[in-house]
Amino acid sequence: MGWRIIPKLFQNLLSKPMTVKFPHESIPIPDGYRGEHAYEIEKCISCGLCAKICPNRAIEMIEATTRENKEKYQKQYPKIDLGKCCFCGLCQDICPKDALKLTKNFFLSTFNKSTTIKYPFKTEDGAK
Amino acid sequence: MKSDLKNEEKLLKELVSNYNVKGRIQRERRIWINTDKEKLISICKFVKEKGFDHLSAISVTDWLKEGEYEITYHLWSYKRKILLTIKIRVSRKNPSAPSVSAIWDRNAQIHEREMHEMFGVEFKGNDDLAPLFLENWQNSPPFRKDFDWREYVKKECYNKDNEREIVYHE
Amino acid sequence: MNNQVMLESTGKNEYELFFGPAHPGSGNFSVKLEVDGEIVTSARANPGYLHRGFEKLMEYRLPIQNAVLSDRICILEPLNWNLIHAEAVDELMGIDVPERAKYIRVIMAELSRIQSHIIWFGVFSIGTGFDTGFKMAFGYRDYILDLFEMITGGRVYPTGYICPGGVRRDLPKDASEKILKVLDKIDEMVKLEEIENPVLQARARGIGVLKLEDAMRLGATGPLLRASGMKVDVRKEEPYEVYDRLDFEVPVRKEGDAYARYMIGIEEIKQSMKIIKQALREIPQGEYINPQFKKPKLNVKMPKGEVYVRNEGGRGEAAIYMVSDGNTKPYRVKIRGPSFLHMISVLEFLLKGVQIADVPAIYWSMNICPADLDR
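Residues numbered from 1 in each chain as written. Chains lettered and ligands numbered in written order. Predicted model: local features only at pLDDT ≥ 70, side-chain atom pairs only at ≥ 80, totals over all residues.

## Regarding the overall build of chain A
Here's step 1: Along its length, chain A carries four helices and five strands.
Here's step 2: Ordered by position in the sequence, the α and β elements of chain A form the string α-β-α-β-α-β-α-β-β.
Here's step 3: Computed over its C-alpha atoms, the radius of gyration of chain A comes to 23 Å, more than 25% above the 14 Å expected for a compact globule of 128 residues.
Here's step 4: Overall, the C-alpha framework of chain A stretches about 80 × 30 × 25 Å when taken along its three principal axes. (Helix = DSSP H or I, 4+ residues; strand = E, 2+ residues; numbered from the N terminus. Rg over C-alpha atoms; globule rule 2.2 N^0.38 Å.)

## Let's talk about the overall build of chain B
Here's step 1: Along the backbone of chain B there are four helices and seven strands.
Here's step 2: What you see in chain B, going N to C, is helices and strands ordered as α-β-β-α-β-β-β-β-α-β-α.
Here's step 3: At 20 Å, chain B has a C-alpha radius of gyration far larger than the 15 Å of a compact globule built from 170 residues.
Here's step 4: Its C-alpha atoms give chain B principal-axis dimensions of about 65 × 45 × 30 Å.
Here's step 5: A buried classification covers 31% of the 170 residues belonging to chain B.
Here's step 6: Sequence-distant contacts, at least 24 apart, represent 46% of the contacts inside chain B between residues at least 6 apart. (Buried ≥ 20, exposed ≤ 12 C-beta atoms within 10 Å, placed from the backbone. Contact = placed C-beta atoms within 7 Å.)

## Quick notes on the interface of chain A and chain C
Here's step 1: On the side of chain C, 16 residues touch chain A, which itself brings 14 residues to the contact.
Here's step 2: Looking at the side of chain A that touches chain C, its residues break down into nine nonpolar, two polar and three charged. (Nonpolar A, V, L, I, M, F, W, Y, C, P; charged D, E, K, R; others polar.)

## Side note on the sheet that holds strand S9 (residues 332-336) of chain C
Residue and element names in this part refer to chain C.
Here's step 1: Ordered by their spatial adjacency, three strands build an open sheet running S7-S8-S9, and the pairing between neighbours is antiparallel. Strands at the two margins of the open sheet, each flanked by one partner only, are strand S7 (305-312) and S9. Each neighbouring strand pair of the sheet contributes to a mean axis angle of 10 degrees, computed without reference to strand direction.
Here's step 2: Summarising the sheet, strand S8 (residues 317-324) and S9 pair through five bridges and their orientation is antiparallel. Residue Ile320 lies in a different strand from S9, and its bridge partner there is Ile335.
Here's step 3: Of the strands in this sheet, S7 and S8 touch helix H3 (residues 78-93), which is tilted by about 150 degrees from S7. (Pairing = 2+ DSSP bridges. Axes fitted to C-alpha atoms, helices over the stretch in contact; angles between N-to-C directions.)

## Observations regarding the domain arrangement of chain B
Residues and elements named next belong to chain B.
Here's step 1: Segmentation of chain B into domains returns domain 1 (6-134) and domain 2 (139-170).
Here's step 2: With six residues of domain 1 at the interface, the matching set in domain 2 holds six residues.
Here's step 3: The element best represented in the side of domain 1 that touches domain 2 is helix H3 (residues 101-119), accounting for three residues.
Here's step 4: Each residue belonging to the side of domain 1 that touches domain 2 can be placed in one class, and the counts come to three nonpolar, one polar and two charged. (Domains from an automatic or database assignment.)

## Topic: the interface of chain B and chain C
Here's step 1: On the side of chain C, 23 residues touch chain B, which itself brings 21 residues to the contact.
Here's step 2: Mapped onto the side of chain B that touches chain C, the elements with two or more residues apiece are strand S3 (54-63), strand S5 (83-91) and H3 of chain B.
Here's step 3: Top contributing element to the side of chain B that touches chain C by residue count: S3(B), with five residues.
Here's step 4: In terms of residue class, the side of chain B that touches chain C is made up of ten nonpolar, six polar and five charged.

## A closer look at the environment of Ile39(C)
All names here are of chain C.
Here's step 1: Position of Ile39 among the secondary structure elements: in strand S4 (residues 39-46).
Here's step 2: Put simply, Ile39 and Asp358 are 319 residues apart on the chain and 10.0 Å apart in space, counted from C-alpha to C-alpha.
Here's step 3: Contact partners of Ile39, with chain neighbours within four places excluded, come to Gly353 and Gln355.

## Some remarks on the environment of Glu25(A)
Here's step 1: Within the fold, Glu25(A) resides in the loop between helix H1 (5-14) and strand S1 (37-39).
Here's step 2: C-alpha of Glu25(A) to C-alpha of Ala58(A): the two residues are 33 residues apart in sequence and 33 Å apart in space.

## Describing the sheet that holds strand S3 (residues 77-81) of chain A
All names here are of chain A.
Here's step 1: Read from one edge to the other, the open sheet built from three strands follows the order S2-S3-S5, with strand pairing classed as antiparallel. Bordering the open sheet on either side are strand S2 (59-62) and strand S5 (117-118), each of which pairs with just one other strand.
Here's step 2: Note: S3 against S5, two bridges, orientation antiparallel. Across the sheet, the residue bridging to Ile80 is Lys118, located in S5.

## Looking at the packing of H3(B) against helix H12 (residues 339-350) of chain C
Here's step 1: Between H3(B) and H12(C), whose axes approach to 10 Å, the crossing angle comes to 120 degrees. Handedness of the crossing formed by H3(B) with H12(C): right-handed. Here Arg106(B), Asn107(B) and Ile110(B) of H3(B) come into contact with H12(C), specifically with Leu341(C), Ile344(C) and Ser345(C).
Here's step 2: Its residues assigned to classes, the contact of H3(B) with H12(C) comprises three nonpolar, two polar and one charged. (Left-handed = near helix turned anticlockwise from the far one by under 90°.)

## Digging into the pairing of S5(B)
All names here are of chain B.
Here's step 1: In the sheet, strand S2 (residues 30-34) pairs with S5 via five bridges, with the strands oriented parallel. Among the inter-strand pairings, Asn34 is bridged to a residue of S5, identified as Lys87.
Here's step 2: Inspection of the sheet shows strand S4 (residues 68-76) paired to S5 by nine bridges, in the antiparallel sense. Looking at the pairing, Thr72 lines up with Lys87 of S5.
Here's step 3: The antiparallel hairpin formed by S4 and S5 contains six residues in its connecting segment, where Lys81 sits at a positive phi of about 60 degrees.

Structure follows, in structure tokens:
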């Protein structure tokens, strides 16, 4: 048992480690990864199916509040709470017009609580 | 590829002729029988000698409209490869049933302990019915259909002033 | 390791020891030991730290939402629990699953079983002091997690990949070659593990012996029964999916101690690799899901009835009993986890009369998961 360890020792000294140094290098992410949501309001028909199928009730249908948004968008649109979402992808599967999709972004940690809620309108109080 | 159901039919005939139970064969390897509380221990002893030595689970279903609990015993036999389920019905007020821990030992004792805690069923003959999962629980047994768990959770865990929890209060 | 010790002043050498949840070698579970000097006289299990009430949660959700919830029953083998929930709903509603979907389900379930046994090897090593084994195991497990990310979209949580009707997505085009490359790496790891380490042998041989009559009486299933001498496996007794067309063996040992259980874990990894290679050769083309269930639907009613499904999980026999009374949501779901009996009755029986230093070796050799005990 004793001497058999020596060739293995040399092999391990000369080979690369199994890990990568994360923020400086990373491995490529495959397609189909379930990350942050991307929503296109032009395609949405306000059917509300995404809010009904979500297992955690993370999607809520809201109306517009500022005056210019109220004239353009008159029905109800989904507001997503990323703190409750489990990233299962059922809302992407059920949407009949492909308005809601999941992208590859997973850098979602933040120090600012307001970024955990995603509003559907581009210019709104409290939204990006 | 359908196999014949000879073994299942033979077993069902023996049980019907000896104990007068009502049963059916659902598919191959599955037999379901209904019986009364009084005949339970004698059927269990008979069936254990026939080779059903593995108790897979004991479960309770709460039929609120009919006012009854249905207790099911799922037994598997390694030799015959058949699963036999025995179902009995007891009333919902002061439910009690005889314990099968004299026949299947510690295996049955622990399943009955969990059912006592979650549904409130008294098993006569089981001497270790201490609480298993919950500590200092004072309300009614939690898995009954008339325990309103939504009201309990809203009162104890959620905060009405938090704007992100408003959706749970609807 | 720093244990929490509570001394009662009786004047003798007896005290109570909490091998508890704040211990680095115990997981989410605690055992109360009564100790006299260095020998344990009795043990009492204290579960309930992870009780989430799954059986009640599943009564208020649709079957497709339950499939997302079912991989959290035991997160160390998520695809096996997905599979048993999908089989229960398929049988209750009478759904036909296409052939290609059955082969994909078997491949994913066996990959999940290999990954769970690698975790078993890792925590067994760290429980007995062999730290290199832990790091090696978790390094090789990462190759399998990269495969899951490519096929299902998430590394640890596949969120209902195996759903009622089939699977949610098809395999990508180059999945076969990548799976075979990963299996070569796992082969390398198995060769390293089989080297007879003298420290592991001294700590695990002859410890925690479970004889066959005691195992049957206390309700043990799975690797514990196989290490005590009985050749039994749910995949051979009542084959589900396509296991009746695949050729594999069931490893058995007679001694019943902790070392026998560890060796059975390694041999099961080899048999799982054999199953995956056969399935990859025989997989047909076709649909990956029953076409009625491609898009999730909200108002499909389940017919009245009841069903009991048994599967072979990584830890033993897992089962689901589902009752439906004609609505869209199930009326009662009962989940039988394999660790429920192992951790309460078998553990209390095996810990009588051993020394304190042997407690981690026995505890981790039974491959327990507190999550499917508490549900």
